[in-house]
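Summary of structural features
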Amino acid sequence: MEARILNEFRAIVGASGLITEAEQLSTYDCDGLTMFRVLPLAVLLPTSTAQVQGIVRVCHREKIPFVARGSGTGLSGGALPVANGIVISLTRMNRILEVDLPNQRVVAEPGVINLTVTARVAPEGYFYAPDPSSQLVCSIGGNVAENSGGAHCLKYGFTTTHVLGMEVVLPDGSLVHLGGLTVDRPGYDLTGVFVGSEGTLGITTKVILRIIKKPEVIQVLLAAFNTTNEAGAAVSGIIAAGMLPAAIEMMDNLAIQAAEAAVQANYPNCGGLLLVELDGPAPEVETLMEEVADVCTKCGAWEIHVAQSDAERARVWTGRKAAFAAVGRLAPAYIVQDGVIPRTALPQVMSEIVRLSSEVGLRVANVFHAGDGNLHPLVLYDNSVPGQDKLAEKLANDILRLCIKAGGSITGEHGVGEEKKMFMSEMYAEPDLATMQLVRCAFDPENLSNPDKVFPRPRLCGEKPGVYEPHPLEIAGLAQRF
Amino acid sequence: MPAAGGLMAEVSWPELAEIVGKEYLRAATAADAIDGIEVQRVAEPGTPEDLAHALRWAHAAGLKVAPRGGGTKMGWGNPPVACDLVLSTVRLNRVLEYAWSDMTVIVEAGCRVADLQKTLAEHGQRLALDPLWPERATIGGILSTNDSGTLRARYGSLRDLVIGITVALPDGTLAKSGGKVVKNVAGYDLSKLFTGALGTLGVIVQAIFRLHPLPRQSRSLSFSGTPESLNQLLLAIQASKLTFTGLQLRAAQGSAHLDVRFDGTPAGIEAQVKQLEQMAGSVAASEASANVWTSHETIWEGATPALVAKFSVLPTQFAAVCAQAERSASAQSLAWKIVVQNVGAGYARFGGNTNEQSLRNAQLTLREEITKMGGTLVALGCPVAVKRGLDVWGAPSDAQPLMVRVKQRFDPDGTLNPGRFVGGI
């Protein structure tokens, strides 16, 4: 990178806010998806909105692509740098700016850690609902980019449900405010478009969050089944009975073994484990918990246990949330996928996964957000065996295709990023993708903000989408196409 | 760019009749006019493809187009700059796929809300929304106007329930985003972009929603008091662990009520009602009739001329809004009425034996105060003559240039609803 540009960057963020040494840059060469690595030209660590604006203005003027980065826990390569560009790390913008309890609002900078929001308002009985398993380290800005979910989004919704507005630095360096402290502001819901746009529309520098009151009672039930199919039937039974649990999670035997080895969650050793969390008024939770237990018994559960104390409940969840990392104990390497299927397709998709896995000879551990059909198959492999990584990748991809075929999605919460962009054209038709590009072009006509992510092929913004326009002679009936 | 209007003599309507079918293209009547702007034709295509084709044809012919569902909210927004063709979704009225065990539904845009709810009720489910005039309003219409009701206290608004959408764009593209799974972050969320866009970006032809179970039992209480005391009670309820599914403040000259609804199991409801009564202390409670939950609808009824505005403020500001409504009304010798949901969105009505100027003044002074509070106010229902003197949306935000760029990408020639949306979009 030219010295004059580096000098300009240094003038904006100070010497301590600019990284250019290769060894230091390598810290930023990947996110949570470590199989893709690219060294950026520089990493900048701004501490204010004005600094972000300054950096982006320079990028815009010099046509330097930039990638915004939070804590780097993303699992789809969304924060993967581009080789001829810079990374803008928002970790130093980590202040909670405003807490308004009566109106249940928190205004936070993008570098604030997810769990910090809850920690800040917990003494008054509130919490911030989206709870990705990485919530101890992932940032609000990253959550906004990915529209992060978590186990409890079955009842409480995703990041997009809880973001009311934000301050955004657009790719040309201008500053806009989308949404606001109040709901239903006139104009297009650009907040709704920005959340989940994976850094391709600009950089958020301030986020208005909604917090909610902790429920009166929270109970978790563990039910042990012989198979995931039985557990799946119980999930359908619970939903059909008209209940909306706070979370329904499922783990198969391999995932249980991993979690046990890692955190001794005290799970029963079974083929399919269901975790059902109910919350609400005490008498209601009590009644419904009995109904849940009934449904589980009818579907073949041979052990049912309701976590009695907060400590026990915490341990149950620790096991679930540690599951990804825990499978590291079962194999030297793994690929985690994030496909979604309609809940009712679970038995069929599960047996297909078993078939594919035995065909290839690789083990697959399964952790699901069963309530909303979000699968997290973990394809285990040994990267010291030549060729096994390719086999694992193929298996993981085949599982995604199963999800598309079942009418689902390639990603429920991890994002498309770098990893799954080629699948976008399997899930969507060309006109769908071209229409999404219209949004991209309105925000970022020069394709500078996290370019080449999400979409399989970046379209130039002047380019006409593929809709056929008849020639005036044809319309007039004077010419014909063959 | 096709010329705006002015080419009427050259419009070849038979071509459009070919596309949508002869019997589904008719000459417009006075009832089809939008805010006094006369329309030439009304087309009722029978498939999404035909609708897209008709839209492409109209765009190529340089016509201005207004999409229409049940037509219950055609008066919302500024008067259009021009409108030649109403594109009606009335024939796109089918429930296409109701996967009750997945709790999702795929429905065409012209399906009436009440018809959809009837289908869903067969499996004990509902779209957890109670928008205005569900017997006549359509799915596409409530989406385009972002019309939620009292249930948003618990289930969120439309943006939280719509999980997929298919739209027709002026160039004839039929595009979808999202899908039929509740959890899905693949690609941009166009469902949200089109929710509340007032048909200015494209025409919604199909939508997919997540569903909720119908409540096992429901019970509502009402409290009477001053706006101030009830605003305090509302905040206390919000800050409690009660799981209400409706919480609204109603106020008019000299009277104010707070309504609370609980859904759930009998034991759960009973326990919560007890807690609520303790919390309310000396504030008198009474069993509420079910029709308090259609107050957002009845506020539209009454003597004309009147003005109904939608406002949005913070929950701590409700009493202040009532006080300002009282000041704005009495300065013009008007009557006023307010109903506001706990999330902060509500309607205000000014009416009485009056003229256009007083309605406009009352609205402007209330908007001024609400804007100072950081909120917004949009005039929705009022005589065209009142609209002519004001921008119903109020001053645009600093995101307006970006919104204009979005509009230009989707509808570069301003074919759809020109001038009706925020800031002249």
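Residues numbered from 1 in each chain as written. Chains lettered and ligands numbered in written order. Predicted model: local features only at pLDDT ≥ 70, side-chain atom pairs only at ≥ 80, totals over all residues.

Observations concerning the overall build of chain B
- Regarding its fold elements, chain B presents 14 helices and 19 strands.
- Its C-alpha atoms put chain B at 70 × 55 × 35 Å along the principal axes.
- Residue burial in chain B is summarised as follows: out of 425 residues, 60% are buried. (Helix = DSSP H or I, 4+ residues; strand = E, 2+ residues; numbered from the N terminus. Buried ≥ 20, exposed ≤ 12 C-beta atoms within 10 Å, placed from the backbone.)

Re the sheet that holds strand β12 (residues 217-225) of chain A
Residue and element names in this part refer to chain A.
- The strand order across the open sheet formed by seven strands is β15-β12-β14-β13-β17-β18-β16, and the pairing between neighbours is antiparallel. Each end of this open sheet is capped by a strand with a single partner; those strands are β15 (303-307) and β16 (333-336). Across the sheet, the mean angle separating the axes of adjacent strands is 15 degrees when strand polarity is ignored.
- For β16 and strand β18 (residues 374-381), the ladder comprises four bridges, and the chain directions are antiparallel. Paired with Ala333 across the bridge in β18 is Tyr381.
- The strands that helix α9 (residues 228-240) touches are β12, β13 (247-252), β14 (272-280) and β17 (364-369); relative to β14, the one it contacts most, it runs at about 20 degrees. (Pairing = 2+ DSSP bridges. Axes fitted to C-alpha atoms, helices over the stretch in contact; angles between N-to-C directions. Contact = placed C-beta atoms within 7 Å.)

Observations regarding the interface of chain A and chain B
- Every contact between the two is made by 72 residues of chain A and, on the other side, 72 residues of chain B.
- Breaking the side of chain A that touches chain B down by element, the ones donating at least two residues are β9 (175-179), α8 (190-194), α9, α11 (282-298), α16 (424-427) and α17 (430-443) of chain A.
- A breakdown of the residues in the side of chain A that touches chain B according to their chemical character gives 36 nonpolar, 25 polar and eleven charged. (Nonpolar A, V, L, I, M, F, W, Y, C, P; charged D, E, K, R; others polar.)

Describing the confidence of the model for chain B
All names here are of chain B.
- For chain B, mean pLDDT is 95; residues scoring 70 or higher make up 98% of the total.
- Confidence over residues 1-7 falls short of pLDDT 50; this stretch has nine contacts with residues more than four positions distant or in other chains.
- Here the predicted complex scores 0.95 on pTM and 0.96 on ipTM. (pLDDT = per-residue confidence, 0-100.)

So, the environment of B:Ala61
- Note on placement: B:Ala61 falls in the loop between α2 (48-60) and β3 (65-68).
- Each C-alpha atom, one on B:Ala61 and one on B:Ser12, is 8.5 Å from the other, the two residues being 49 residues apart in sequence.

Section: the sheet that holds strand β10 (residues 203-210) of chain B
Residue and element names in this part refer to chain B.
- Taken in spatial order, the five strands make up an open sheet running β5-β6-β10-β8-β9, and their pairing is antiparallel. The sheet is open, and its two borders are formed by β5 (95-99) and β9 (174-178), each paired with just one other strand. Neighbour-to-neighbour, the strand axes of this sheet turn through a mean angle of 10 degrees, independent of strand direction.
- Bridge analysis of strand β6 (residues 104-108) against β10 gives five bridges, and the strand direction is antiparallel. Bridging from a neighbouring strand, Val105 pairs with Phe209 of β10.

What to know about the packing of α11(A) against helix α9 (residues 266-280) of chain B
- In contact at an axis separation of 7 Å, α11(A) and α9(B) are set at 170 degrees when each is read in the N-to-C sense. One finds that α11(A) runs roughly antiparallel with respect to α9(B). When α11(A) is examined against α9(B), the residues A:Ala282, A:Pro283, A:Glu284 and A:Thr287 are found in contact with a partner set consisting of B:Ala267, B:Gly268 and B:Ala271.
- Split by residue class, the contact of α11(A) with α9(B) holds four nonpolar, two polar and one charged. (Parallel < 35°, antiparallel > 145°, perpendicular 65-115°, else oblique.)

A closer look at the domain arrangement of chain A
- Assigned domains within chain A: domain 1 (3-89) and domain 2 (217-405).
- The centre of domain 1 of chain A, based on its C-alpha atoms, is set 37 Å off from the matching centre of domain 2 of chain A. (Domains from an automatic or database assignment.)

Some thoughts on the packing of helix α14 (residues 346-360) of chain A against helix α15 (residues 388-405) of chain A
Residues and elements named next belong to chain A.
- For the pair α14 and α15, the least separation of the axes is 10 Å and the interaxial angle reads 160 degrees. Taken together, the axis directions place α14 and α15 in an arrangement best described as roughly antiparallel. Like other packed secondary-structure pairs, α14 and α15 cross with a definite hand, here right-handed. Contacts between α14 and α15 involve Val349, Glu352, Ile353, Leu356, Ser357 and Val360 from the former and Leu391, Leu395, Asp398, Ile399 and Leu402 from the latter.
- Of the residues assigned to the contact of α14 with α15, the class counts are eight nonpolar, one polar and two charged. (Left-handed = near helix turned anticlockwise from the far one by under 90°.)

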